[in-house]
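Single-letter residue listing:
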Amino acid sequence: MGSNGRAATDRRGSGGWETVLEAERTLEPGTEWHSELYRVAVDQFRRAADLLGLEEEIRARLLEPRRALVVNFPVRLDDGEVQSFTGYRVQHTLTMGPMKGGFRYGPGVSLGECAALAMWMTFKCALVGLPFGGAKGGVRCDPNRLSDGELEHVTRRYASEIFPIIGPDRDIAAPDIATGEREMAWFMDTYSQQVGHPVPEIVTGKPLVLGGTEGRDIATGLGVVFCVEELMETAGEQLDAQRVVVQGLGNVGGTVVRELAQRGATIVGVSDVTGGIVDPDGLDAAAVEAWMAEHRFVRDFPGGKPVSRLEVLEQPCDILIPAAVEQQITGENAGRIDARWVVEGANGPTTPEGDEILAARGIEVLPDVLANAGGVTVSYFEWVQDQQKLAWQGAEVAARLRIQLDDAFARVRNAREQRDTDWRTAAQAVAIERVADASRLRTIYP
Ligand code: NAD
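Residues numbered from 1 in each chain as written. Predicted model: local features only at pLDDT ≥ 70, side-chain atom pairs only at ≥ 80, totals over all residues. Heavy atoms only, no water.

Just checking my understanding: could you explain the overall build of the chain for this structure?
Along its length, the chain carries 15 helices and 13 strands. A compact globule built from 446 residues would reach a C-alpha radius of gyration of about 22 Å, and the chain, at 23 Å, matches this within 12%. Once the C-alpha set of the chain is aligned to its principal axes, its extents read approximately 80 × 55 × 45 Å. When each of the 446 residues of the chain is scored for burial, the buried share is 55%. (Helix = DSSP H or I, 4+ residues; strand = E, 2+ residues; numbered from the N terminus. Rg over C-alpha atoms; globule rule 2.2 N^0.38 Å. Buried < 20%, exposed > 50% of the residue type's maximum accessible area, 1.4 Å probe, protein only.)

How do you make sense of the nonpolar core when you look at a structure like this?
Generally speaking, soluble globular proteins have nonpolar side chains that are buried together. Counting residues in hydrophobic clusters, the biggest one holds 77 residues, and the most contacted among them are Phe45, Leu127, Val228, Leu260, Val270, Ile321 and Val343. Ranked by residues supplied to this core, first place goes to helix H5 (residues 111-128) with 11 residues. When residues no more than four places from it in sequence are discounted, the contact partners of Leu260 are Val225, Val228, Leu239, Val244, Ala265, Ile267 and Ile321. Counting 26 residues, the second largest nonpolar core, distinct from the first, contains Val75, Phe103, Ala159 and Ile202. (Core = buried A, V, L, I, M, F, W, Y, C linked by side-chain atoms within 4.5 Å. Contact = heavy atoms within 4.5 Å.)

Sorry, what's going on with the sheet that holds strand S9 (residues 275-278) here?
Note on sheets: strands pair through backbone hydrogen bonds, and any given pair is parallel or antiparallel. With mixed pairing, the 7 strands of this open sheet are ordered in space as S10-S9-S8-S7-S11-S12-S13. The outermost strands of the open sheet, each flanked by one partner alone, are strand S10 (305-307) and strand S13 (364-366). Averaged over neighbouring strand pairs, the angle between their axes works out to 20 degrees when direction is ignored. Taken together, the 2 bridges between strand S11 (residues 319-322) and strand S12 (residues 341-343) define a ladder with parallel strand orientation. (Pairing = 2+ DSSP bridges. Axes fitted to C-alpha atoms, helices over the stretch in contact; angles between N-to-C directions.)

Can you walk me through the side chain of Gln247 in this structure?
Turning to its location among the elements, Gln247 is positioned in strand S7 (residues 243-247). A polar contact of 2.8 Å, which involves the side chain of Gln247, links it to the side chain of Gln328. Excluding its chain neighbours within four sequence positions, the residues that come into contact with Gln247 are Ser271, Arg309, Leu313, Ile321, Pro322, Ala323, Ala324 and Gln328. (Polar contact = N/O pair within 3.5 Å; in protein donor to acceptor, adjacent residues only side chain to side chain.)

Teacher, can you tell me more about the pairing of S7 here?
It is a general feature of regular strands that their side chains alternate between the two faces of the sheet. In terms of residue burial, S7 counts as a mostly covered element, since 4 of its 5 residues are buried. As paired elements, S7 and strand S8 (residues 266-272) share 5 bridges and run parallel to each other. Bridge pairing in S8 links Val245 to Gly269. In this fold, S7 hands off to helix H9 (residues 251-262), which returns the chain to S8; that crossover is right-handed. Pairing of S7 with S11 involves 4 bridges; the strand directions are parallel. The residue bridging Val246 from the neighbouring strand is Ile321, located in S11. (Right-handed = clockwise from strand over helix to strand, strands pointing away.)

Which parts of the structure should I look at to understand the site of the ligand?
In the vicinity of the ligand lie 23 residues, with Asp176, Thr220, Asn251, Val252 and Asn347 positioned nearest. Here Thr220 contributes a side-chain N or O atom positioned 2.7 Å from an oxygen atom of the ligand. The separation between an oxygen atom of the ligand and a polar main-chain atom of Asn251 is 2.9 Å. About the coverage of the ligand: the protein hides 87% of its 840 Å² of free accessible area. Those elements that provide at least two residues to the shell around the ligand are helix H8 (216-235), H9 and S8. A class-by-class count of the residues in the shell around the ligand yields 9 nonpolar, 9 polar and 5 charged. (Near = heavy atom within 4 Å. Areas by Shrake-Rupley, 256 points an atom, 1.4 Å probe, with all protein chains shown as cover. Nonpolar A, V, L, I, M, F, W, Y, C, P; charged D, E, K, R; others polar.)

Any chance you could explain the packing of helix H3 (residues 36-52) against helix H15 (residues 423-442) here in plain terms?
How two helices sit against one another is set out by the angle between their axes and by the gap between those axes. Two elements in contact, H3 and H15, have axes whose closest approach is 8 Å; the angle formed by their N-to-C orientations is 70 degrees. Accordingly, the angle class assigned to the pair H3 and H15 is roughly perpendicular. Here H3 contributes Gln44, Phe45, Arg47, Ala48, Ala49, Leu51 and Leu52 to the contact with H15, which in turn contributes Arg424, Thr425, Gln428, Ala429, Ile432 and Glu433. (Parallel < 35°, antiparallel > 145°, perpendicular 65-115°, else oblique.)

Please clarify how the packing of aromatic side chains should be interpreted in this entry.
The geometry of two aromatic rings is summed up by the distance between their centres and the angle between their planes. Enumeration according to the criterion identifies 13 aromatic pairs in this entry. When the ring of Phe103 is compared with that of Tyr158, the centres are 5.4 Å apart and the planes differ by 45 degrees; the resulting orientation is tilted. Residue Phe103 is located in strand S4 (residues 103-106), and its partner Tyr158 is located in helix H6 (residues 148-161); the two are separated by 55 residues in the primary sequence. Like Tyr158, Phe103 is buried. Considering the side-chain rings of Phe163 and Tyr191, the 5.1 Å spacing of their centres and the 40 degrees angle between planes classify their relative orientation as tilted. With Phe163 in the loop between H6 and strand S6 (171-172) and Tyr191 in helix H7 (residues 181-195), the pair connects residues that are 28 residues apart, well separated along the chain. Cluster of aromatic residues (ring-pair linked, three or more members): Phe132, Tyr380, Phe381, Trp383 and Trp392. For the cation-ring pair, Arg400 lies above Trp392, with the distance from its terminal atom to the ring centre recorded as 4.0 Å. (Phe/Tyr/Trp six-rings, centres within 6.5 Å; stacked < 30°, edge-to-face > 60°. Lys NZ or Arg CZ within 6 Å of the ring centre and 35° of its normal.)

In C-alpha cells:
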C-alpha cells in the first residue's frame, strides 16, 4: 500500500502497478520549498504555533506559500554571449492585503529560500501592523560578476517576467541583498512601460525623485537601532556603555554602525564579505564608513586587527548584530559567541540549533521579524505617500517609524513576559495570532 492509503491491488493485482504506486507515494507537505532556510522558518513557526495552540487548519495554511512563480530568461551579456537566469517570486499569504517583499541577487537564491523569506515577511508585517502579506523574490546570479549594464538587463527582464503576478495593489517589490535604489528605478520603469503610465507605487526603496520617501535608505538600520535602544531600556542598561560587533557593512550594517557610534556605543568589530576587523578599544566608525565609500570592501582597512568573516562573530562584545546573510550563528559556533545580546539585522542569521545553544548560555536574541522591520515599515510609508501623492519630511518618517516600532516592541515584550518564552517565539506568536485572526474572519472561499 502506498503512503497515500490506496491499496496497490485496487488498481491492478500484484506486480506492475504496485511498483508505480510506490513511486507515487504522497510527498510530504512543503516538499516544493525544501531548503535549509525553509526548515528554519518552519521550525520557528511550529514553536510559536504550539505555544498558541494554533488549530491544524490555520497551521497548514500558513506553513506554505500561497503562490510561487519560477522564471527562466535569457540576457545578452556585454561580450555578446547569451546567459540564462532563473528568478523567483513567492507570495506567502493573500489574507492581509497586497503582498510586499524585496528581491535579491545572489548565487544561492532559490525557491526554498524565497519561501522562507516570504513567510517571515508575512509575520514581520503582521507584527508591526502593516496591511500586507509577505512576498520575496530574487534572481540567482553573482552580482559582483555582472556589469552595470548586465544588471540592468537582468532587473528589467526579471520585472517583466513576474509582471503577471505583481501590481501596486497585488504585490509590491523592494530592495534586499545586492539590490538598491538603482534596481528599484529600473524595476519601476519596466513596470510603468508595460502598463503605459508611471506607477511609482509598484516598488518601494526608489530614488526620491521617482517617488521614493525620505528615510527609506536608512530605515532598516535605524529600526535596528531603535530596537537596540528599547532593549537597553528593558534591561536597564546604557547604550553608550555597550561594545558592539556588526557583521555586514551594506545598507543595514552600514547604517547600524553609523547610528550606534553616533549614540556613543563602541564598535569593536565589523565585517563584510571580504573579512573583518576588530579592536577591543573601539574602531573609528567614521573612518570605516569613509574607507567603504572609497574602496567598497573593508579588506585592508588601516586600523584594528584583521580577522576572518566568521571570527568577527566571536569577538567579545555586549551586542552582536548580524546584518549580512542568513545562517551565520549555528550549532557549530554558537558556543563561542561572546555577547550578551544578539540583535538580528539580517533575515534568518541564527539557526534553531544556534538559538538553542544561545538560550542555554543566557544570550538573548532579538529576532529579525522585529529588529529589521524598520525597512518594510518605511516601505509602507512610501507606498502610502505614492498613492496619495504626498511627500513627508524625513523627521516625520523617523518619528512615525519610532512610534510603530516601539509599539511592536512593547507587544513582543508583553507577550514574552506573559507567555514566559524567548523574544523570537513571542514575536512570532504575536504576528501569527494576528494573521490567524484574519484568516478565521475571512473563512474559506467559496
Ligand atoms: P547589502 O547587499 O547592502 O549588504 C550585505 C553586506 O553583507 C555587504 O557588506 C556584504 O559584503 C556582506 N556580506 C555578505 N556575505 C557576508 C558574509 N558571509 N560575512 C560577512 N559579510 C557578508 O544587503 P542589506 O540590504 O544590507 O541586507 C542585509 C541583510 O538584511 C539581509 O539578510 C537582508 O535580507 C536583510 N534586510 C534588508 C533590508 C533592507 O531594507 N535592505 C530590510 C530587511 C532585512
